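# Coordinates in review
Residues per chain, in single letters:
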Amino acid sequence: MEILNQIFSLDWIAFNVLDYPLSYIELTGTITGLISVLLAAKPHVLTWPIGLLNVIAFFAIFYQIELYSDMLLQVYFFSVSIYGWMSWKNRNEEESFSDTLNKKQRAIYAGINIKGFVTLGILMSKIHILLPNLFSQEASYPFMDAFTTVLSITATILLAKRKLESWVLWIIVDVVCIGMYFMKGIPFIAMEYIIFLIIATLGFFKWKKLLNNGQRFGTR
């Protein structure tokens, strides 16, 4: 148990980056996260199994810095990553790679996201009172954290379903997360999200081009 605690601890430092002590767990989460997003934008089915490693690393990180919504989000990401992996692997080759939502679907998703982030934000603002044994510290930025969590859930669902709007949501999430992570004092992950923002923007245009050209799903 002590070995596991050390492996997942933010105090186990790999090296310093411009006087910032970079832990092994943060380094692992950063590298696997970047690879996963790059593969998703490409697109390549290996984005999902590599994403599972990122999920495990980020779960440990967010628990230690009291971003509890982000922490619980990783549990969801784990299950959806398995679903996405199977969905992309067992795809129908006759289907176009990506599609878009219609106006009614967009309105439904928007309503769900608004209700979801408000509800989760209220819950997380009181989580240290409701479950003091598990969460001894008050949640940091509960509503901002809940906003990115709920949008990330929707974005992952749409990514697994190969919907173009997934990238729009990821762009919004990345912008908010950049500010939140800088405020929480984890600049290395914040800088990673700047790269995520660039990749998400490129991914949007790449998928849009594939959709417009009617190209099929790629595995390379």
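Placed above this text is the structure.
Residues numbered from 1 in each chain as written. Predicted model: local features only at pLDDT ≥ 70, side-chain atom pairs only at ≥ 80, totals over all residues. Heavy atoms only, no water.

With that out of the way, let us pick up the overall build of the protein. For the protein, the helix and strand inventory stands at 9 helices and 2 strands. Its helices and strands taken in sequence order, the protein reads α-β-β-α-α-α-α-α-α-α-α from the N to the C terminus. Whereas a compact globule of 220 residues would reach a radius of gyration of roughly 17 Å, the protein reaches 18 Å, a difference of no more than 12%. Along the first, second and third principal axes, the C-alpha atoms of the protein reach 50 × 40 × 30 Å. For the protein, long-range pairs separated by at least 24 residues make up 70% of all intrachain contacts whose partners lie at least 6 apart in sequence. When the accessible surface of the protein is split by element, carbon and sulfur atoms take 67% of a total near 11,500 Å². Side-chain charges of the protein comprise 17 positive and 15 negative groups, with the mean position of each set lying 16 Å from the other. (Helix = DSSP H or I, 4+ residues; strand = E, 2+ residues; numbered from the N terminus. Rg over C-alpha atoms; globule rule 2.2 N^0.38 Å. Contact = heavy atoms within 4.5 Å. Areas by Shrake-Rupley, 256 points an atom, 1.4 Å probe, with all protein chains shown as cover. Lys, Arg positive; Asp, Glu negative; His and termini not counted. Charge placed at Lys NZ, Arg CZ, Asp CG, Glu CD.)

Here we come to the pattern of salt bridges. Across all of its chains, the model carries 2 salt bridges by this definition. For Asp99, the salt bridge goes to Lys163, with nearest N and O atoms at 3.5 Å. Within this pair, whereas Asp99 is found in the loop between helix H4 (68–89) and helix H5 (103–125), its partner Lys163 is found in the loop between helix H7 (142–160) and helix H8 (165–183), the two being separated by 64 residues in sequence. A relative accessible area of 40% places Asp99 in the partly exposed class. (Salt bridge = Lys/Arg side-chain N within 4 Å of Asp/Glu carboxyl O. Buried < 20%, exposed > 50% of the residue type's maximum accessible area, 1.4 Å probe, protein only.)

This part is about the nonpolar core. Counting 58 residues, the largest nonpolar core has Ile61, Phe62, Leu159, Trp167, Trp170, Tyr181 and Tyr193 as the members making the most contacts within it. Going through the elements one at a time, strand E2 (20–23), helix H2 (24–41), helix H3 (47–64), H4, H5, H7, H8 and helix H9 (187–213) are the ones with two or more residues in this core. Of all the elements, H9 adds the most residues to this core, at 9 residues. (Core = buried A, V, L, I, M, F, W, Y, C linked by side-chain atoms within 4.5 Å.)

Note: most peptide bonds trans; most residues except glycine with negative phi. The phi angle at Tyr141 is positive, at roughly 45°, despite the residue not being glycine. Mapped onto the elements of the fold, Tyr141 is located in the loop between helix H6 (127–130) and H7. Backbone geometry places Arg162, a non-glycine residue, at a positive phi of 65°. For Arg162, the location among the structural elements is in the loop between H7 and H8.

Glancing now at a nonpolar patch on the surface. A contiguous nonpolar surface patch, about 640 Å² in accessible area, is contributed by Ile7, Phe8, Trp12, Tyr24, Ile56, Phe78, Ile82 and Met86. Broken down by secondary-structure element, the contributors of at least two residues to the nonpolar patch are helix H1 (2–8) and H4. With 3 residues, H4 is the single largest residue contributor to the nonpolar patch. Mapping Ile82 onto the fold places it in helix H4. Using a relative accessible area of 37% as the deciding quantity, one classes Ile82 as partly exposed. (Patch = residues over 30% accessible without salt bridge, like charges linked within 9 Å, V, L, I, M, F, W, Y side chains within 5 Å.)

Turning to the pairing of strand E1 (residues 13–17), a few remarks are in order. Two faces belong to every sheet, and in a regular strand the side chains alternate between them. One ladder, built from 4 bridges, connects E1 with E2; its direction is antiparallel. Residue pairing across strands places Ile13 opposite Ser23, the latter belonging to E2. Once E1 ends, the chain turns through 2 residues before running back antiparallel as E2, passing Leu18 with a positive phi of about 55°. (Pairing = 2+ DSSP bridges.)

Its place among the elements puts Thr32 in helix H2. We classify Thr32 as buried; its relative accessible area is 10%. In this structure the side chain of Thr32 is engaged in a polar contact, spanning 3.5 Å, whose partner is the backbone nitrogen of Asn54. With residues near it in sequence (within four places) discarded, Thr32 still touches Ile50, Leu53 and Asn54. (Polar contact = N/O pair within 3.5 Å; in protein donor to acceptor, adjacent residues only side chain to side chain.)

The next point concerns the packing of aromatic side chains. By the definition in use, this model includes 10 aromatic pairs. Aromatic pair Tyr76 and Phe77: ring centres 6.0 Å apart, planes at 45°, arrangement tilted. When the centroid spacing of 4.9 Å and the interplanar angle of 75° are considered together, the rings of Tyr193 and Phe196 count as edge-to-face. Residue Tyr193 and its partner Phe196 are both found in helix H9; the two are separated by 3 residues, about one turn of the helix. For Tyr193, a relative accessible area of 11% puts it in the buried group. An aromatic cluster of three or more residues is present, and its members are Phe58, Phe62, Tyr181, Tyr193 and Phe196. (Phe/Tyr/Trp six-rings, centres within 6.5 Å; stacked < 30°, edge-to-face > 60°.)

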